[in-house]
Amino acid sequence: MAAGGSGGGNKTYSFKVVLLGEGCVGKTSLVLRYCENKFNDKHITTLQASFLTKKLNIGGKRVNLAIWDTAGQERFHALGPIYYRDSNGAILVYDITDEDSFQKVKNWVKELRKMLGNEICLCIVGNKVDLEKERHVSVQEAEGYAESVGAKHYHTSAKLNKGIEELFLDLCKRMIETAQADERAKGNGSSQSGTARRGVQIVDDEPQNAATAGGGCCSSV
Amino acid sequence: MAPPIKPKKKRSGSFVLPRIVKTQFRKVSGVFNSFMTPEKRMVKRIAEVSQDKRTYFGCLVQDYISFLQENKGCHVSGADMLQTIRQFMTQVKNYLAQSSELDPPIESLIPEEEIDVVLEKAMHKCILKPLKSHIEASLKDFQIASGSWKQLKENLLLAKQKKPQELGVDATAPDSVTIEKIRHKFVTMQKMYSPEKKVTLFLRVCKLIYTVMENNSGRMYGADDFLPMLTYVLAQCDMPELDTEIEYMMELLDPSLLHGEGGYYLTSAYGAMSLIKNFQEEQAARLLSSETRNTLHQWHRRRTTNRTIPTVDDFQNYLRVAFQEVNSGCTAKTLVVKPYATTEELCEVCADKFKVQDPSTYALFLITEETSQQLAPDTYPQKIKAEIHSRPQPLPFHFVYKRPTNLQICIPPDEENGNTFL
């Protein structure tokens, strides 16, 4: 089993990340930017942005990310649980020029904490910082709120490709930490079953997995 | 436990089966056995052993199959049945991976990292294939008994009559020829017993939907656009049997695949189906939403007739209204709004102040942390504000001038919250 503390050089972490936020806050652009429009050709539905995967190498640890987009319109709100169940991380996106969308993020945080507890790593993301002049959600308020609910806050611009790489890199590091803590808590012997239940699978690495994310992702932890 | 008996090269399995529907390929496959890929040979071998009751594995499988077929009442629901079958398949896989009953041993033909995939395929063949018709019939029985079949059929009929826009679709929808093509794919999908093969076909349908959307716009779509479109397509296909198909795939698919692409699109299909199943309720909720607007209306009329004059503090002539545009976010302005100015009048002011091109597509919303409520034209924003202020613990609230989502009346996040506000 992948021993969390021993570096786990030849193991791969598989994480599921769910993307939540009101319609039109830029969820899709954000994730498209991150995946650099490069899609996994193994997938039948390539070239689309609802489901994306990305492979990273963080400090020698391989990570397979599966990013699940959700429909942000109110009428689909009730479907949230079927998408976020078994997620290791959630990215909650709002538009800094739209206070409404920030309220929506708060609703999601409440729901996620209630349903999934502290197991899930939360990122609150203020998107569209290129429209700083029209900001309607204050930085202080947003960051203060994030801290109060145990989430990290990020500022991004999908348009200018700002802050996105950092957001995902940071989230991955946190998910690895959570998975490692989980493994340690359960003991090496039972780690696989323990983590599998929570949705983390540690699988044997494929030799051709070497393809990694660009630049920032390879920096050491 | 029976000692692993080395099975003879039996053909009996193949002799019994041709009487059932068999493809030509299957008939000649025995002849070309030696030309098969190691994977196919192994799957075939496992399927043969699974029918040999002299082996422990064969007993396990055959007894389970007969047990399921003879004890219809042993499961409380379709999901319960599918989950126990899934569990059984996983257990049998574990047994096979460790047992010495297979000859040749699986390791001798299949590289270690592929063993699980091969075993999974073999399980589909020796467990799901013989059980397919039983599973389908049971799932349908459960559906009919619970009344959900009838409800689904009715709702599908309703949903089918809706225009794409009414279901929240904002991209070009597939035409009737494409819908027919999709239906055809679904019919093919239904004939398969392997959940993985079904999923592969289902993903082709998704791809086809994306292609239509993309061809007409050139852009890429996320879930905001795809989910409404999938709902529309499923409604147009009008195939109530897809509900159990989706359940079959979701519950029987190798759990390790549920985090992947197949799992994602199955989840979306499940979501789309639930929306359709609850279509009437959703419409009822919309109706309820307009009823609550009426209540609000009446409440204000009552207030007006009683001439209860709110205190000056609660009743300043100023009102801050946020303007929300789809592409450029929010701007807010503080406007002079007289106590008896109606929402309709305020909307006219907003249209002017925010320089809106097509005022008829905008409306005024009252948004609190929990609710989002479109205000009826004849309500009084200042009075609503006063009413909220006069509560023991006023919640933060905002008046927002924006386009209604989906150009429909906005539904509160849930009925209870929606109602408590009023």
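Parameters and conventions
- Residues numbered from 1 in each chain as written.
- Chains lettered and ligands numbered in written order.
- Predicted model: local features only at pLDDT ≥ 70, side-chain atom pairs only at ≥ 80, totals over all residues.
- Heavy atoms only, no water.
- Helix = DSSP H or I, 4+ residues; strand = E, 2+ residues; numbered from the N terminus.
- Buried < 20%, exposed > 50% of the residue type's maximum accessible area, 1.4 Å probe, protein only.
- Contact = heavy atoms within 4.5 Å.
- Arc of directions from axis to C-beta.
- Buried area = accessible area lost by both parts, 1.4 Å probe.
- Salt bridge = Lys/Arg side-chain N within 4 Å of Asp/Glu carboxyl O.
- pLDDT = per-residue confidence, 0-100.
- Polar contact = N/O pair within 3.5 Å; in protein donor to acceptor, adjacent residues only side chain to side chain.
- Phe/Tyr/Trp six-rings, centres within 6.5 Å; stacked < 30°, edge-to-face > 60°.
- Lys NZ or Arg CZ within 6 Å of the ring centre and 35° of its normal.
- Axes fitted to C-alpha atoms, helices over the stretch in contact; angles between N-to-C directions.
- Parallel < 35°, antiparallel > 145°, perpendicular 65-115°, else oblique.
- Left-handed = near helix turned anticlockwise from the far one by under 90°.
- Nonpolar A, V, L, I, M, F, W, Y, C, P; charged D, E, K, R; others polar.

Description of the overall build of chain A
- A count of helices and strands for chain A gives six helices and seven strands.
- Written out in order from the N terminus, the α and β elements of chain A read β-α-β-β-α-β-α-β-α-β-α-α-β.
- For chain A, with 221 residues in total, the buried portion stands at 59%.
- Taking the contacts inside chain A whose residues are at least 6 apart along the sequence as the reference set, 74% of them involve residues at least 24 apart.

Examining helix H4 (residues 139-148) of chain A
Residue and element names in this part refer to chain A.
- Along H4, the positions that sit buried rather than exposed are Ala142, Tyr145 and Ala146. Here the buried residues of H4 occupy an arc of 100° about the axis, which is enough to place them on one side. Opposite the buried face of H4, at more than 90 degrees from it, the exposed residues are Gln140, Glu147 and Ser148.
- For H4, the elements touching its buried residues are strand S4 (89-95), helix H3 (99-116), strand S5 (121-127) and strand S6 (152-155).

Topic: the interface of chain B and chain A
- Contact residues are listed per partner, giving 52 residues for chain B and 47 residues for chain A.
- Counting the surface chain B buries against chain A, the share from its top three residues, Met220, Asp224 and His259 of chain B, is 18%.
- Viewed at the interface, chain A and chain B are joined by two salt bridges.
- Note that aspartate 224 of chain B and lysine 27 of chain A form a salt bridge whose closest N and O atoms lie 3.2 Å from each other.

Some words on the confidence of the model for chain A
Residue and element names in this part refer to chain A.
- Across chain A, the average pLDDT comes to 80, with 75% of residues at 70 or higher.
- Across residues 1-9, confidence stays below pLDDT 50; counting only partners more than four residues off in sequence or on other chains, it has 16 contacts.
- Predicted confidence for residues 190-221 stays below pLDDT 50, and this span has 72 contacts to residues more than four positions away or in other chains.

Digging into the side chain of histidine 153 of chain A
All names here are of chain A.
- As for its position among the elements, histidine 153 is in strand S6.
- For histidine 153, a relative accessible area of 15% gives the class buried.
- There is a polar contact of 2.7 Å between the side chain of histidine 153 and the side chain of tyrosine 94.
- If near-sequence neighbours (up to four positions away) are discounted, histidine 153 is found in contact with Tyr94, Ile124, Gly126, Ala142, Glu143 and Ala146.

Overview of the packing of aromatic side chains
- The tally for this structure, following the rule as stated, stands at 23 aromatic pairs over all chains.
- Relative to tyrosine 362 of chain B, the ring of phenylalanine 323 of chain B lies with its centre 5.9 Å away and its plane at 35°, an arrangement referred to as tilted. Of the two residues, phenylalanine 323 of chain B sits in strand S1 (residues 318-325) while tyrosine 362 of chain B sits in the loop between helix H15 (343-353) and strand S3 (363-368), which places them 39 residues apart along the sequence. In terms of burial, phenylalanine 323 of chain B and tyrosine 362 of chain B fall into one category: buried.
- Plain terms: the ring middles of tyrosine 362 of chain B and tyrosine 401 of chain B are 5.3 Å apart, the flat faces sit at 25° to each other, and that makes the pair stacked. A residue pair is termed long-range when its members are at least 10 positions apart, and tyrosine 362 of chain B in the loop between H15 and S3 and tyrosine 401 of chain B in strand S5 (residues 397-402) qualify at 39 residues. Comparing tyrosine 362 of chain B with tyrosine 401 of chain B shows no difference in burial state: the two are buried.
- Connected via pairs of aromatic rings, a cluster forms that spans Phe51, Trp68 and Tyr83 of chain A together with Tyr210, Phe226, Tyr264 and Tyr265 of chain B.
- The positively charged end of lysine 402 of chain B is found above the aromatic ring belonging to phenylalanine 365 of chain B, 4.8 Å away from the centroid.

What about the packing of helix H7 (residues 115-146) of chain B against helix H12 (residues 242-252) of chain B?
All names here are of chain B.
- Relative orientation of the contacting elements H7 and H12 amounts to 140°, with a least axis distance of 11 Å. As the angle between them shows, H7 and H12 are arranged oblique. Seen along the crossing, H7 lies across H12 with a hand that is right-handed. Contact residues: Glu120, Leu128, Ile135, Glu136, Leu139 and Gln143 in H7; Asp243, Thr244, Glu245, Glu247, Tyr248 and Leu252 in H12.
- Its residues assigned to classes, the contact of H7 with H12 shows five nonpolar, two polar and five charged.

Quick look at the environment of lysine 402 of chain B
- Considering the arrangement of structural elements, one finds lysine 402 of chain B in strand S5.
- Owing to a relative accessible area of 8%, lysine 402 of chain B belongs among the buried residues under this scheme.
- Considering only alpha carbons, one finds lysine 402 of chain B and threonine 361 of chain B, 41 residues apart in sequence, at a separation of 8.3 Å.
- When near neighbours in sequence (up to four residues on either side) are disregarded, lysine 402 of chain B contacts Asp100 of chain A together with Gln324, Thr361, Tyr362, Ala363, Phe365, Ile367 and Ser372 of chain B.

Remarks on the packing of helix H10 (residues 195-215) of chain B against helix H11 (residues 223-237) of chain B
Residue and element names in this part refer to chain B.
- Put simply, H10 and H11 touch, their axes get as near as 11 Å, and they point 110° apart. One way to sum up the angle between H10 and H11 is to call them roughly perpendicular. Crossing angle aside, the handedness with which H10 passes H11 is right-handed. Judged by residue contacts, Phe202, Cys206, Ile209, Tyr210 and Met213 of H10 engage Asp225, Phe226, Met229, Leu230 and Val233 from H11.
- In terms of residue class, the contact of H10 with H11 is made up of nine nonpolar, no polar and one charged.

Let's talk about the pattern of salt bridges
Residues and elements named next belong to chain B.
- The final tally for this structure, using the stated rule, is 24 salt bridges over all chains.
- Two residues, glutamate 120 and lysine 93, come together in a salt bridge whose shortest N-O distance is 2.6 Å. Taken together, the residues span a long stretch of sequence, with glutamate 120 in helix H7 and lysine 93 in helix H5 (residues 78-98) at a distance of 27 residues.
- Residue class for glutamate 120 comes out buried when judged on its relative accessible area of 1%.
- Among the residues examined, lysine 93 registers a relative accessible area of 5% and is labelled buried.
- Connected through shared salt-bridge partners, Arg86, Lys93, Asp116, Glu120 and Asp254 make up one network.

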